[in-house]
Amino acid sequence: MTHANSDFSQGSVRSNILRLALPMTLAQLINLLYNIVDRIFVGHIPGADTAPFTGMGVTLPIITIIIAFANLFGTGGAPLFSMARGAGDTDRAGRILGNVFSMLMASGVVLMAAIYLLKRPLLYLFGASDETFAYADAYLSIYLLGTLFVMVSLGLNGFINAQGFAVTGMLTVSIGAVLNLILDPVFIFLLHLGVRGAAIATVISQCVSALWVLRFLTGKQAVVPLVKENLKVQWRLVADICKLGLAGFIMAITNSSVQIVCNTTLLAWGGDLYVAIMIALNSVREILMMPMQGLSSGAQPVMSFNYGAKQYGRVKTAIRYTTMVCVIYSLAAWAVLLAFPRFFIHLFNSDPALLENGVPAMHIYFFGIFLMALQMAGQSAFTALGRSKHAIFFSLLRKAIIVIPLTLWLPTVGGLGTNGVFLAEPISNLVGGVACFTTMVFTVRKMLREE
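Residues numbered from 1 in each chain as written. Predicted model: local features only at pLDDT ≥ 70, side-chain atom pairs only at ≥ 80, totals over all residues. Heavy atoms only, no water.

Undergrad: Where do I start with the packing of helix α9 (residues 235-269) against helix α10 (residues 272-308) in this structure?
TA: Two measures define how a pair of helices packs: the angle their axes make with one another and the distance between the axes. α10 packs onto α9 with a crossing angle of 150 degrees between their chain directions and a minimal axis gap of 7 Å. Comparing the axis directions of α9 and α10 gives the class roughly antiparallel. The handedness of the crossing between α9 and α10 comes out as right-handed. Along the contact surface, α9 presents Gln259, Cys262, Asn263, Leu266 and Leu267, while α10 presents Asp272, Tyr274, Val275, Met278 and Asn282. Residue classes in the contact of α9 with α10 are distributed as six nonpolar, three polar and one charged. (Axes fitted to C-alpha atoms, helices over the stretch in contact; angles between N-to-C directions. Helix = DSSP H or I, 4+ residues; strand = E, 2+ residues; numbered from the N terminus. Parallel < 35°, antiparallel > 145°, perpendicular 65-115°, else oblique. Left-handed = near helix turned anticlockwise from the far one by under 90°. Contact = heavy atoms within 4.5 Å. Nonpolar A, V, L, I, M, F, W, Y, C, P; charged D, E, K, R; others polar.)

Here it is as structure tokens:
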């Protein structure tokens with residue numbers, strides 16, 4: 001990789017974005033295999049009902065909280081890292097990388113200990129029932145052993161992409177995900193370990209991914225390597241990292257909060273079956289949204305670098321291109337969901353009751369999903385250009401201010417019941433997506449014109 005290949009102020013903006021986005025999209029899709037494949041295999045354990053699938057799904061809010069801390073430092077540090085490189089300040093870029101690594105390690109240890117001590121009340125609080133708790137506890141107890149591996153692989157992979165090594169970044173998750181795909185059936189079915197087997201396979205796979213990241217960032221290929229001298233925590237720099245990463249952190253925390261509220265509300269109004277339906281729908285949503293997230297992630301280093309290099313026309317081009325592709329893709333995804341709803345639900349469980357009740361829930365939940373593209377495009381631009389306050393506000397608006405209150409209130413309106421929980425999502429996409437994108441257009445246009 002030459003310097004020219006990592007200079008995003010040169011060449012076509014579209015080509016730069018795609019060069020990063022295509023491998024990153026594939027990487028993020030493959031990354032989903034860590035948990036998605038676990039759910040698929042566990043959901044089809046011979047002779048089992050939906051309880052193992054639901055129990056493992058109840059752990060997702062806790063896993064999302066762990067991911068939130070990886071986002072806090074990873075997504076906060078990577079744009080600052082790109083800006084520093086764009087401005088030619090490689091010393092600052094190195095310090096950012098070193099401080100992110102130190103904070104990932106420290107927060108990972110604290111999270112692992114705290115969640116382990118509180119796992120029983122947390123799991124019941126997050127939607128487990130007496131029937132599903134044993135499965136949730138079995139999975140989470142083993143998964144927590146890999147917390148540090150998750151923090152490293154997720155939190156530092158963005159620094160590989162930010163240096164222009166998108167293919168290497170893709171391999172980070174590809175290696176672990178493929179290994180997980182191989183190990184899951186061995187541990188779950190061949191060794192008859194059930195949900196414990198899924199967790200063991202995941203931890204081993206995450207360990208391999210983390211080692212791959214560290215091997216690259218400490219090696220000679222890295223443009224800005226991870227070195228011991230930069231590991232000393234500089235609190236002012238950490239504050240800058242957290243300030244920008246707070247949007248990603250809040251987005252993940254609010255996602256976790258929404259999962260919790262949805263699980264507990266559905267448990268009250270419909271029982272374990274509807275909790276399983278929501279877990280299946282969230283799994284489908286994760287799969288379908290990943291291409292948009294990959295494109296947004298690929299565009300962010302390009303936007304940040306050109307913003308640091310004062311190439312504002314290229315920043316605008318990147319925003320326009322990202323928005324257009326995200327909207328077109330999400331419209332196509334919506335059409336596919338409407339055409340084949342049973343196929344997507346059947347991926348995770350073949351229980352007849354789940355299929356019968358899950359299809360109408362899917363039609364409600366994914367209605368107007370293309371509006372989510374506007375939220376993601378706006379959020380990506382705000383984060384890439386360092387507008388942390390805007391990014392944080394719109395993260396909170398859609399999830400905490402709109403979805404959670406609606407999830408609690410709509411089931412009580414006009415006999416909606418469980419349908420009210422699923423209806424909260426499209427309403428939030430409409431209000432949150434339009435508000436975020438409109439504000440981004442006027443704010444960024446004014447900001448770039450002034451500078």
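Undergrad: Where do I start with the confidence of the model for the protein chain in this structure?
TA: When pLDDT is low, close inspection of the predicted coordinates is not appropriate. The pLDDT averaged across the protein chain works out to 88; a share of 96% of its residues lies at or above 70. Per-residue pLDDT, averaged within each element of the protein chain, yields its smallest value for helix α1 (residues 13-43) (77) and its largest for helix α5 (residues 133-143) (95). (pLDDT = per-residue confidence, 0-100.)

Undergrad: I keep staring at a positive patch on the surface and nothing clicks. Help me out?
TA: Residues Lys316, Arg320, Arg445, Lys446 and Arg449 make up a contiguous surface patch of positive charge. For the positive patch, the elements supplying multiple residues, two or more each, are α11 (312-339) and α16 (418-450). The element that contributes the greatest number of residues to the positive patch is α16, accounting for three residues. Along the chain, Arg445 falls in helix α16. (Patch = residues over 30% accessible without salt bridge, like charges linked within 9 Å, V, L, I, M, F, W, Y side chains within 5 Å. Areas by Shrake-Rupley, 256 points an atom, 1.4 Å probe, with all protein chains shown as cover. Salt bridge = Lys/Arg side-chain N within 4 Å of Asp/Glu carboxyl O. Lys, Arg positive; Asp, Glu negative; His and termini not counted. Charge placed at Lys NZ, Arg CZ, Asp CG, Glu CD.)

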